[in-house]
Every structure is written in structure tokens, then in C-alpha cells.
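Summary of structural features
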Amino acid sequence: TDNFARHLAQHCLYTSLKSYPTHGVIGCDRLQGISLNNIADRVNEICSLDLDMYAKKANGRNMYDSDNRPHPIGRCLSVTFMQYTVTTGNGYYYISSGAAGYAGMVSALDAERSSTNQPFNIDSLQYTLSNAQLTRLNAAGIVCCKESTTLGIVIVDGITQAPATSVYRRLSTTKIINAVGRILKEVIEPYIGLPRTLRYLNAMETAIKSALNKVVGVLINDYSFEIVTDSASSRLGVVKIDYAVYPAYEIREVRNTITVTENAINQ
């Protein structure tokens, strides 16, 4: 009853914890025959998927967090539903599901930029989804493309497979937290192996503040952290640091209100 998408998400989570922040991208299977009915059937099929994005043990049972709840891992994965032709330049071509193209696009974006409404550098899509279908797919956490009148082909919404109520549903949040995580690792790593004295703890605190202050107004709007000291951790040589980060969320929509007036307006 398991699926490869969930396995990929768990692999990316483990890699993020052990070595380097990692995000997975996987595409939905390509349509063999493109027709309105086939597209509608595939949208229904995708929207009814239950990928069960929770960490599992080797025996298939859920892992639980400190609150005894299943541990969600969907923030580590994006699922694409699109289809276009890729030409390699030597006469060979293939039909892409968008996974590799989207992964390359996201990798090339600056850490503070979301993929939402950003141009997707392909020539054309093999099918067009209606607004109603795009809305349903986005609600299911699926990344899709559409034709923009001004920007060409763009990503409709930069989302992940995190729960709809989670801040990690936004790819921008995942990217920002991953970037902050990399910064903190670079700052803290030089202190490993040094004596656990007040001098070095204060120096580490200053280094963390300096690093986070540089990304305030760029990646995050605000932050706070606390170095937790207790005797048990001290004996084990462990330093615990609790962070709270307020990410800079992307602009998802601009709503204009235009009023018609009969009176002259003084400029």
C-alpha cells in the first residue's frame, strides 16, 4: 500500500537531517492519448490520490513525534503534473513529466524567491488545464503550469505535499528554512570540539545573531533563539538551541479596486 513518492519524501528528510537540506520532485505519469476526457479522468485520478506523507518505520508503521502524532514529511516533496517535449539537440526527443525541469528551475532560483508565477522555460505544453482543474490540483498540492498573457508559461503555485494547514505547504517557506539551516550549520560547526565554557557559548551566540541579522529583510522578517543549558546536556557535550523564525512569505495575489468618478482628480 506504500508508494514511491512517500519513499522519496522520507529519503529527502533523512538526507536533510544527516547532511544537507534536500527537496524531492516527482512527476505524474504521462498521458498517452491527449483528449479532454483523458485529461479530466487523469485530474480526477490525481486529486483522489492518498500519498500518505508521513514518516514510517521499516515495518510500515507510522513514526510518532513528541506529541504522539504521525510525523509529516510532505514538505520535502513537490509533485508535478504537466507534459511537454524536450529536444536534446542531436535529433532525439522525449516527453517530460516536468519533474526534472521544475527541479532545475527551483534550484536556479534565489533562496528568497518562490516558483509561484515564475516563467518556466519551455516552448509549449502538450495540453492546457482549465481554471477549475488547476484549482483542484493546487488544492491537492500538485504543481502545474499555465499560459500567462504577459510572462509566457508560468508555474501556477509553488507548493509542496505538506498538509494544507501547514506553513510548509509553501515551497518558499521550505526554501527559506533550508537556506537558514545551511547558514546556521556553517556558523556553528567551527565551535564543535571547543571547550563548553561561557566564553565560547557567548561567542557562538554572537556569531548566530550576526548571521541571522544578515538575512532579516531578505529571507526572514524576524527571529529569536535561546541556547538551552542543563547539566544533563553538559555532561553529554550537547548544546541545544531553540529557534523561532518568521519567514518572508511570497506575494501570492494582488487585488485591485478601481472606481469610476465623474469629478476631475487633482494630480
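Below you will find a few notes about this structure. Values in this document were obtained by computation on a predicted structure and should not be read as measured data.

Details of the overall build of the protein chain
Along the protein chain, the regular secondary structure elements total 7 helices and 9 strands. By its C-alpha atoms, the protein chain is 70 × 70 × 45 Å across when sized along the principal axes. Here the protein chain, with 267 residues, has 36% of them falling under the buried criterion. Counting contacts in the protein chain only where the partners sit at least 6 residues apart, residues at least 24 apart contribute 59% of the total. Taken as a whole, the protein chain presents about 16500 Å² of accessible surface, with 50% of it coming from carbon and sulfur. Across the protein chain, the mean location of the 25 positive side-chain charges is 6 Å away from that of the 23 negative side-chain charges.

Some points on the side chain of Gln-83
You can see Gln-83 is positioned in the loop between β2 (77–80) and β3 (84–87). Exposure remark for Gln-83: the relative accessible area of 3% places this residue in the buried category. Among the polar contacts listed, one links the side chain of Gln-83 to the backbone nitrogen of Leu-31, at a separation of 2.8 Å. Reaching out from Gln-83, the side chain makes a polar contact with the side chain of Gln-126 at a distance of 2.8 Å. With residues up to four places along the chain from it excluded, the contact list for Gln-83 reads Arg-30, Leu-31, Ile-34, Ile-95, Ser-96, Leu-125, Gln-126 and Tyr-127.

As for the packing of helix α2 (residues 36–47) against helix α4 (residues 131–139)
Each pair of packed helices can be summarised by the angle the axes make with each other and by the distance between the axes. Orientation of α2 relative to α4, taken along the N-to-C sense of each, is 20°, at an axis distance of 9 Å. As far as their axial angle goes, α4 and α2 are roughly parallel. Relative to α4, the crossing made by α2 is left-handed. Of the residues in α4, those touching α2 at Ile-39, Ala-40, Val-43, Asn-44, Ile-46 and Cys-47 are Gln-133, Arg-136 and Leu-137. Within the contact of α2 with α4, the residues separate by chemical class into 6 nonpolar, 2 polar and 1 charged.

Brief notes about the packing of helix α5 (residues 171–188) against helix α6 (residues 198–215)
Interaxial distance between α5 and α6 falls to 10 Å at its minimum, and their mutual angle equals 150°. Looking at the two axes, α5 sits roughly antiparallel to α6. Here the hand of the crossing between α5 and α6 comes out right-handed. On α6, the residues that touch Val-180, Ile-183, Leu-184, Val-187 and Ile-188 of α5 are Met-204, Ala-207, Ile-208, Ala-211, Leu-212 and Val-215. The residue inventory of the contact of α5 with α6, partitioned by class, reads 11 nonpolar, no polar and no charged.

Quick word on the sheet that holds strand β1 (residues 24–27)
Sheets are built from strands that pair by backbone hydrogen bonding, the pairs being arranged parallel or antiparallel. Reading across from one edge, β1-β2-β5 is the order of the 3 strands in this open sheet, with parallel pairing throughout. One side of each edge strand has no neighbouring strand; the edge strands of this open sheet are β1 and β5 (142–143). With 2 bridges joining them, β2 and β5 adopt parallel strand pairing. For Thr-80, the partnering residue across the bridge sits in β5 and is Val-143.

Some words on the nonpolar core
Burial of nonpolar side chains together is a common tendency in soluble globular proteins. Grouped together as the largest cluster of nonpolar side chains are 26 residues, with contacts concentrated most on Leu-77, Phe-81, Leu-129, Leu-137 and Cys-144. Elements with a contribution of two residues or more to this core: α1 (4–18), α2, β2 and α4. Broken down by element, the residue count for this core peaks at 5 residues, all from α1. Leave out the neighbours within four places in its chain, and Leu-137 touches Val-43, Ile-46, Cys-47, Phe-81, Leu-129, Ile-142 and Cys-144. Among the nonpolar cores identified, the runner-up in size contains 17 residues, and Val-187, Ile-208, Ile-220 and Ile-241 belong to it.

What to know about a nonpolar patch on the surface
There is a patch of nonpolar side chains on the surface, built from Val-167, Tyr-246 and Tyr-249 and spanning about 300 Å² of accessible area. Mapping Tyr-246 onto the fold places it in strand β9 (residues 240–247).

Some remarks on α5
Over its 18 residues, α5 runs 26 Å from end to end, which matches the ideal 26 Å to within 8%, given 1.5 Å per residue. Leu-171, Ser-172, Thr-173, Thr-174, Lys-175, Ile-176, Asn-178, Ala-179, Val-180, Leu-184 and Val-187 are the residues of α5 that are buried. Elements in contact with the buried residues of α5: β2, α3 (99–108), α6, β8 (220–228) and β9.

Parameters at a glance
- Residues numbered from 1 in each chain as written.
- Predicted model: local features only at pLDDT ≥ 70, side-chain atom pairs only at ≥ 80, totals over all residues.
- Heavy atoms only, no water.
- Helix = DSSP H or I, 4+ residues; strand = E, 2+ residues; numbered from the N terminus.
- Buried < 20%, exposed > 50% of the residue type's maximum accessible area, 1.4 Å probe, protein only.
- Contact = heavy atoms within 4.5 Å.
- Areas by Shrake-Rupley, 256 points an atom, 1.4 Å probe, with all protein chains shown as cover.
- Lys, Arg positive; Asp, Glu negative; His and termini not counted.
- Charge placed at Lys NZ, Arg CZ, Asp CG, Glu CD.
- Polar contact = N/O pair within 3.5 Å; in protein donor to acceptor, adjacent residues only side chain to side chain.
- Axes fitted to C-alpha atoms, helices over the stretch in contact; angles between N-to-C directions.
- Parallel < 35°, antiparallel > 145°, perpendicular 65-115°, else oblique.
- Left-handed = near helix turned anticlockwise from the far one by under 90°.
- Nonpolar A, V, L, I, M, F, W, Y, C, P; charged D, E, K, R; others polar.
- Pairing = 2+ DSSP bridges.
- Core = buried A, V, L, I, M, F, W, Y, C linked by side-chain atoms within 4.5 Å.
- Patch = residues over 30% accessible without salt bridge, like charges linked within 9 Å, V, L, I, M, F, W, Y side chains within 5 Å.
- Salt bridge = Lys/Arg side-chain N within 4 Å of Asp/Glu carboxyl O.
- Expected span 1.5 Å × (residues − 1).

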